[in-house]
Amino acid sequence: MACSLRSLHIVNTKFMAASKNEITIGQFVPEPRLYKYRRGCTGKAVTAQAVVPWDVLTTPGSRKNARKSLVVPKEIVKEKEKPNKSGRGRFGKYGGVYVPETLVTCLSQLESEFYAALADPQFQEELTTALEDYAGRETPLYHAKRLTDFYKNDRGHGPEIYLKREDLNHCGAHKINNAIGQAMLAKRMGRKSIIAATGAGQHGVATAAACAKLGLDCTIFMGSLDIERQSSNVLLIKLLGAKVESVEGNFKDAASQAIKHWVGNLETSYYLTGTVVGPHPCPTIVREFQSIIGKETRKQAMEKWGGKPDILLACVGSGSNALGLFHEFIGDEDVRLIGVEAAGSGLESGRHSATLAKGEVGVYHGSMCYLLQDDEGQIVGAHSIGVGLEYPGVSPELSYLKDTGRAEFYSVTDQEALRAYHRLCKLEGIIPALETSHALAFLEELCPTLPDGIRVVVCCSGRGEKDAATVSLLNQNSNDQQQHN
């Protein structure tokens, strides 16, 4: 079976043919290209994703030839303002459903099943029981007294710092909140095989655990670079009975391969995403299952001091733990929402994961959001000492919160995060994940600006035993460099 590029519409973007060469149905191009171009008399730059439908495209020969057969789009075909009848899935201009037709029905079914489950008392009761008895909720809202004292000024004034201890969840991170919820949803839909992609491995471990509990087959796709850096989590995933598929590259490459595998098995498999990115309803599902973090925080704050937190602080990669904490308080305008991205080696170094600070708007992995991209609209590789923060895109909802000013976003470097990691270990006896350490590092800049007694809640999204070997190696390299100098 063959079709001509001259008549092929790819994701909501209309392309002209470079030649009359034909393409064949059946192979996936895992790494989509992005193109920038000028549109209309305004000359405004627009980025569109030249992602081929996930069940289509290659020219006879090679993926390279297939890519060459595409040219810069002449115009972008606007997606409907409301991607579905309910109008869900959009946050201002962000979000949406930028996918081939083959996935529209599947995603619509997923949306229907998800909202039906939310309205089902039996599902909610089973989920609550699983979160309490299996995941270990609710997690403590811990007053970090020595960390609080560390940031007091010479008059003894400063904010009160609390940690929302998601690191105490089963499997050591916030990821289990979503993994158990979606695994239950998949079983409700009759799916027997779970597919997932993971970066730092925390989502992989949580998904493998949830599948073991519910008797579901599980395959975790993981980038080869991440497998090397997070070997302890790879071992845990395998111990929990899941299969690990290595993909050359890092998380974005693993996610593309996982999606490819899922598309080939839509009737029997379920793609269990752990991030608040992708086409609707995926970001909404993850955010909803993670929103337990903020709901508990509101309840616990009322119990502890009879009010709300003044500031919520969380690290931001794609944004699942940040939105899990923030979402409950978005309507409370007296509560500051602060996200902290990874500046890596520095914002001007080109080696960072600060998508909201340095990215531009584009479409990637099925939705519109801020993206790290070059002048030609090609994806730029992300970097961070915290593997779980290495993603070139970010949540559509966080993109919207940035534009509206409801949330603030800052960034800290690898070295600043590393110092925060050591600081919490020594002051509180708590080993944070390097991802979490980015949020903790921002306290250095934030605390001196705050009035006495302001209550700051930091989402301690995961524990850091997985990073101990990395931290030890970095410390050794730093010591060697100092001796050399």
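Here, the structure is the one placed above.
The sections below set out a description of the structure shown in this document. (Residues numbered from 1 in each chain as written. Predicted model: local features only at pLDDT ≥ 70, side-chain atom pairs only at ≥ 80, totals over all residues. Heavy atoms only, no water.)

1. A few points about the overall build of the chain
Put simply, the rule is: Helix numbers and strand numbers start at the N terminus; a helix is a DSSP run of H or I with at least 4 residues, a strand a run of E with at least 2. Relative accessibility decides the category of a residue: with a 1.4 Å probe and only protein chains considered, values under 20% of the type maximum give buried, values over 50% give exposed, and everything between is partly exposed. In what follows, a contact means two residues having at least one pair of non-hydrogen atoms within 4.5 Å.
Across its full length, the chain holds 18 helices and 21 strands. Going through the 485 residues of the chain one by one, you find that 58% of them count as buried. Looking at the chain alone, contacts between residues at least 24 apart form 73% of all its contacts between residues at least 6 apart.

2. Re helix α15 (residues 414–428)
Rules: A helix is expected to span 1.5 Å multiplied by its residue count minus one.
Over its 15 residues, α15 runs 21 Å from end to end, which matches the ideal 21 Å to within 8%, given 1.5 Å per residue. Among all positions of α15, only Asp 414, Ala 417, Leu 418, Ala 420, Tyr 421, Arg 423, Leu 424, Leu 427 and Glu 428 are buried. Immediately downstream of α15, the backbone of Gly 429 shows phi near 70°, a positive value.

3. What to know about the pairing of strand β19 (residues 367–371)
Going by this rule: Two strands qualify as a pair provided that DSSP identifies no fewer than 2 bridges between them.
When you tally the buried positions in β19, you get five out of five residues, the bulk of the element. Once strand β18 (residues 360–364) ends, the chain turns through two residues before running back antiparallel as β19, passing His 365 with a positive phi of about 50°.

4. Examining the sheet that holds strand β14 (residues 243–247)
Stated precisely, the cut-off is as follows: Throughout, an axis means a line fitted to C-alpha atoms (over the contacting stretch in the case of helices), and angles, computed between N-to-C directions, take values from 0 to 180 degrees.
Sheet architecture is open: four strands sit in the order β14-β13-β12-β15, paired in parallel fashion. This sheet does not close on itself; its edge strands, each paired only once, are β14 and β15 (269–271). If you compare each strand with its neighbour and ignore which way they point, the axes differ by 25° on average. Across the face of the sheet, helix α6 (residues 202–214) comes into contact with β12 (193–198) and β13 (217–223) while running at roughly 165° to β12. Strand contacts of helix α9 (residues 251–263): β12, β13, β14 and β15, with the helix running at about 160° to β12, the strand carrying the most contacts.

5. Section: helix α11 (residues 292–305)
Applied cut-off: The reported arc concerns the directions from the helix axis to the C-beta atoms and nothing else.
In this model, α11 (14 residues) spans 20 Å end to end at C-alpha, consistent with the 20 Å of a helix rising 1.5 Å per residue. Taken as a whole, α11 has its buried residues at Ile 293, Gly 294, Glu 296, Thr 297, Gln 300, Ala 301 and Trp 305. Buried residues of α11 fall within an arc of 155° about the axis and therefore sit on the same side. Packed against the buried residues of α11 are β10 (141–143), β11 (160–164), α5 (175–188), α10 (282–290), α12 (320–326) and β21 (455–459). Gly 306 occupies a position one or two residues after α11 and carries a positive phi of about 75°.

6. Here we look at the environment of Gly 359
Checked against the element boundaries, Gly 359 lands in the loop between α13 (355–358) and β18. Taking the relative accessible area as the measure of exposure, Gly 359 reaches 15% and is therefore buried. Separated by 33 residues in sequence, Gly 359 and Pro 392 place their C-alpha atoms 8.4 Å apart.

7. Points about a nonpolar patch on the surface
We count it as follows: Within the patch definition used here, like charges are joined within 9 Å and nonpolar side chains (Val, Leu, Ile, Met, Phe, Trp, Tyr) within 5 Å, considering only residues with over 30% relative accessible area and no salt bridge. The Shrake-Rupley method, run with a 1.4 Å probe sphere, supplies the accessible areas, and residue values consider only the shown protein chains as cover. Think of a salt bridge as a Lys or Arg side-chain nitrogen and an Asp or Glu carboxyl oxygen that are within 4 Å of each other.
Together, Leu 235, Leu 236 and Leu 239 give the surface a local cluster of nonpolar side chains, amounting to about 310 Å² of exposed area. Mapped onto the elements, Leu 235 comes out in helix α8 (residues 231–239).

8. A few points about the packing of aromatic side chains
Put simply, the rule is: Each Phe, Tyr or Trp ring, with Trp reduced to its six-membered ring, pairs with another whose centre is within 6.5 Å; inter-plane angles below 30 degrees give stacked pairs, above 60 give edge-to-face pairs, and intermediate values give tilted ones. As a reminder, the over-ring test applies to NZ of lysine and CZ of arginine, requiring each to be within 6 Å of the ring centre and within 35 degrees of the ring normal.
Evaluation of the coordinates by the stated rule reveals nine aromatic pairs. Among the aromatic residues, those joined into a cluster by ring pairs are Phe 114, Tyr 115 and Phe 289. Positioned over the ring face of Tyr 134 is Lys 213, at 5.5 Å from the centre of the ring.

9. What about the pattern of salt bridges?
Evaluation of the coordinates by the stated rule reveals 25 salt bridges. A salt bridge links Asp 334 to Lys 308; the nearest nitrogen and oxygen atoms lie 3.0 Å apart. With Asp 334 in the loop between α12 and β17 (336–344) and Lys 308 in the loop between α11 and β16 (311–315), this residue pair connects regions lying 26 residues apart in the sequence. Residue class for Lys 308 comes out partly exposed when judged on its relative accessible area of 27%.

10. What about the sheet that holds β17?
The six strands are arranged β10-β11-β21-β16-β17-β20 in an open sheet whose pairing can be described as mixed. The outermost strands of the open sheet, each flanked by one partner alone, are β10 and β20 (407–413). For this sheet, the mean angle separating the axes of adjacent strands, direction not counted, is 25°. Pairing geometry for β17 and β20, over seven bridges, is parallel. For Ile 338, the partnering residue across the bridge sits in β20 and is Glu 408.

11. As for unusual backbone geometry
The step from Arg 137 to Glu 138 runs through a cis peptide bond, and the omega angle for that step is 5°. Examined against the element boundaries, Glu 138 turns out to sit in the loop between α3 (121–135) and β10. The amide bond that connects His 280 to the next residue, Pro 281, takes the cis arrangement and shows omega of 15°. As for its position among the elements, Pro 281 is in the loop between β15 and α10. Look at Cys 171: it is not a glycine, yet its phi comes out positive at around 80°. By relative accessible area, Cys 171 is classed as buried at 16%. Although it is not a glycine, His 365 sits at a positive phi angle of roughly 50°. For His 365, a relative accessible area of 8% gives the class buried.

12. Focus on the pairing of β16
Condition: Clockwise travel from the first strand over the helix to the second, with the strands pointing away from the viewer, marks a crossover as right-handed.
For β16, a buried count of five out of five residues is recorded, marking the element as mostly surrounded by other parts of the structure. Burial along β16 is two-sided: the face carrying Ile 311, Leu 313 and Cys 315 and the face carrying Leu 312 and Ala 314 are both buried. By the bridge criterion, five bridges tie β16 to β17 in an arrangement that is parallel. Residue pairing for β17: Ile 311 is matched across the bridge by Arg 336. Regarding topology, α12 serves as the crossover connection from β16 to the parallel β17, and that connection is right-handed. Note that β16 and β21 share three bridges and pair parallel. Note that in β21 the partner of Leu 313 across the bridge is Val 458.

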